[in-house]
Amino acid sequence: MQALKAHVHNGRLVLDEPTDLPEGTVVPLTIDDDDDMDESERARLHQALSRSIAQAKAGNLVDADEVIGKLLARG
(Lines give C-alpha, C1' and ligand atoms only; values in the text may rest on other atoms or scores of the structure.)
Protein backbone atom coordinates (compact mmCIF):
# COMPACT_ATOMS: atom_id res chain seq x y z
CA MET A 1 0.00 0.00 0.00
CA GLN A 2 1.28 3.42 -0.95
CA ALA A 3 0.31 6.55 1.00
CA LEU A 4 -0.38 9.57 -1.17
CA LYS A 5 -1.12 13.17 -0.21
CA ALA A 6 -3.42 15.48 -2.11
CA HIS A 7 -5.06 18.85 -1.68
CA VAL A 8 -8.32 20.26 -2.95
CA HIS A 9 -8.02 22.70 -5.87
CA ASN A 10 -11.20 24.08 -7.45
CA GLY A 11 -13.21 21.23 -5.94
CA ARG A 12 -10.88 18.51 -7.28
CA LEU A 13 -8.28 16.42 -5.51
CA VAL A 14 -4.79 17.06 -6.83
CA LEU A 15 -1.89 14.82 -5.83
CA ASP A 16 1.02 16.63 -4.20
CA GLU A 17 3.56 14.43 -5.98
CA PRO A 18 3.80 12.42 -9.20
CA THR A 19 2.68 8.79 -9.18
CA ASP A 20 3.33 5.83 -11.42
CA LEU A 21 -0.09 4.28 -10.84
CA PRO A 22 -1.60 2.82 -14.01
CA GLU A 23 -4.29 4.82 -15.76
CA GLY A 24 -7.73 3.99 -14.37
CA THR A 25 -6.46 2.81 -10.96
CA VAL A 26 -9.16 3.27 -8.32
CA VAL A 27 -7.77 4.92 -5.20
CA PRO A 28 -9.91 4.79 -2.03
CA LEU A 29 -9.80 8.05 -0.06
CA THR A 30 -10.40 8.94 3.56
CA ILE A 31 -10.51 12.41 5.07
CA ASP A 32 -7.79 12.97 7.67
CA ASP A 33 -9.56 15.76 9.46
CA ASP A 34 -8.66 15.34 13.12
CA ASP A 35 -7.77 12.87 15.80
CA ASP A 36 -8.91 12.26 19.34
CA MET A 37 -5.52 12.68 21.04
CA ASP A 38 -5.07 15.04 23.93
CA GLU A 39 -1.85 17.05 24.39
CA SER A 40 -0.27 14.40 26.63
CA GLU A 41 -0.96 11.61 24.13
CA ARG A 42 0.32 13.76 21.28
CA ALA A 43 3.54 14.52 23.22
CA ARG A 44 4.10 10.78 23.86
CA LEU A 45 3.51 10.05 20.17
CA HIS A 46 6.05 12.69 19.11
CA GLN A 47 8.60 11.32 21.60
CA ALA A 48 8.08 7.79 20.26
CA LEU A 49 8.44 9.01 16.67
CA SER A 50 11.64 10.89 17.54
CA ARG A 51 13.11 7.74 19.14
CA SER A 52 12.08 5.68 16.12
CA ILE A 53 13.66 8.13 13.67
CA ALA A 54 16.90 8.12 15.70
CA GLN A 55 16.93 4.30 15.67
CA ALA A 56 16.37 4.23 11.91
CA LYS A 57 19.19 6.73 11.32
CA ALA A 58 21.45 4.52 13.46
CA GLY A 59 20.57 1.53 11.27
CA ASN A 60 18.52 -0.25 13.91
CA LEU A 61 15.77 -1.42 11.57
CA VAL A 62 13.58 -4.51 11.31
CA ASP A 63 12.42 -5.69 7.90
CA ALA A 64 8.68 -5.10 7.45
CA ASP A 65 8.13 -8.57 5.94
CA GLU A 66 9.69 -10.10 9.06
CA VAL A 67 7.38 -8.11 11.36
CA ILE A 68 4.29 -8.98 9.31
CA GLY A 69 5.31 -12.65 9.28
CA LYS A 70 5.60 -12.69 13.08
CA LEU A 71 2.22 -10.97 13.47
CA LEU A 72 0.54 -13.43 11.11
CA ALA A 73 2.12 -16.37 12.93
CA ARG A 74 0.39 -15.29 16.15
CA GLY A 75 -2.81 -16.00 14.28
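A brief structural summary.

Parameters and conventions
Residues numbered from 1 in each chain as written. Predicted model: local features only at pLDDT ≥ 70, side-chain atom pairs only at ≥ 80, totals over all residues. Heavy atoms only, no water. Helix = DSSP H or I, 4+ residues; strand = E, 2+ residues; numbered from the N terminus. Buried < 20%, exposed > 50% of the residue type's maximum accessible area, 1.4 Å probe, protein only. Areas by Shrake-Rupley, 256 points an atom, 1.4 Å probe, with all protein chains shown as cover. Patch = residues over 30% accessible without salt bridge, like charges linked within 9 Å, V, L, I, M, F, W, Y side chains within 5 Å. Salt bridge = Lys/Arg side-chain N within 4 Å of Asp/Glu carboxyl O. Lys, Arg positive; Asp, Glu negative; His and termini not counted. Charge placed at Lys NZ, Arg CZ, Asp CG, Glu CD. Expected span 1.5 Å × (residues − 1). Polar contact = N/O pair within 3.5 Å; in protein donor to acceptor, adjacent residues only side chain to side chain. Pairing = 2+ DSSP bridges.

### A short note on the overall build of the chain
Then step 1. Counting its secondary structure elements, the chain contains 2 helices and 2 strands.
Then step 2. Written out in order from the N terminus, the α and β elements of the chain read β-β-α-α.
Then step 3. For the chain, the spread of C-alpha atoms along the three principal axes comes to 40 × 35 × 30 Å.
Then step 4. Split into buried and exposed, the 75 residues of the chain put 0% on the buried side.
Then step 5. Accessible surface, the chain: about 7400 Å² in total, of which carbon and sulfur atoms supply 54%.

### Some remarks on a nonpolar patch on the surface
Then step 1. A surface patch of nonpolar side chains, amounting to about 460 Å² of accessible area, comprises Val8, Leu13, Leu21, Val27 and Leu29.
Then step 2. Secondary-structure assignment places Leu21 in the loop between strand E2 (12-15) and helix H1 (39-57).
Then step 3. What makes Leu21 partly exposed here is its relative accessible area of 32%.

### So, a negative patch on the surface
Then step 1. A cluster of like negative charges, contributed by Asp32, Asp33, Asp34, Asp36, Asp38, Glu39 and Glu41, occupies part of the molecular surface.
Then step 2. Looking at the element boundaries, Glu41 is found in helix H1.
Then step 3. Overall, the relative accessible area of 32% leaves Glu41 in the partly exposed class.

### Section: the pattern of salt bridges
Then step 1. Applying the stated criterion across every chain, the model contains 1 salt bridge.
Then step 2. Lys70 is the salt-bridge partner of Glu66, the closest N and O atoms lying 3.5 Å from each other. Here Lys70 and Glu66 lie together in helix H2 (residues 64-74), a separation of 4 residues that amounts to about one turn.

### Brief notes about H1
Then step 1. When the terminal C-alpha atoms of H1 are compared, their 27 Å separation across 19 residues agrees well with the 27 Å that a helix rising 1.5 Å per residue should span.
Then step 2. Structurally, the start of H1 carries an N-cap: the backbone nitrogen of Ser40 is 3.1 Å from a side-chain oxygen of Asp38.
Then step 3. Positioned one or two residues after H1, Gly59 has a phi angle of 85°, which is positive.

### Quick notes on the pairing of strand E1 (residues 6-9)
Then step 1. Of the pairings in the sheet, the one linking E1 to E2 comprises 4 bridges and is antiparallel in character. Paired with Val8 across the bridge in E2 is Leu13.
Then step 2. Where E1 hands over to E2, the hairpin turn is made up of 2 residues, of which Asn10 adopts a positive phi near 55°.

### A few points about H2
Then step 1. Residue Asp63 occupies the N-cap position of H2, its side-chain oxygen lying 3.0 Å from the main-chain nitrogen of Asp65.
Then step 2. Two residues or fewer past H2, Gly75 is found with a positive phi of approximately 30°.

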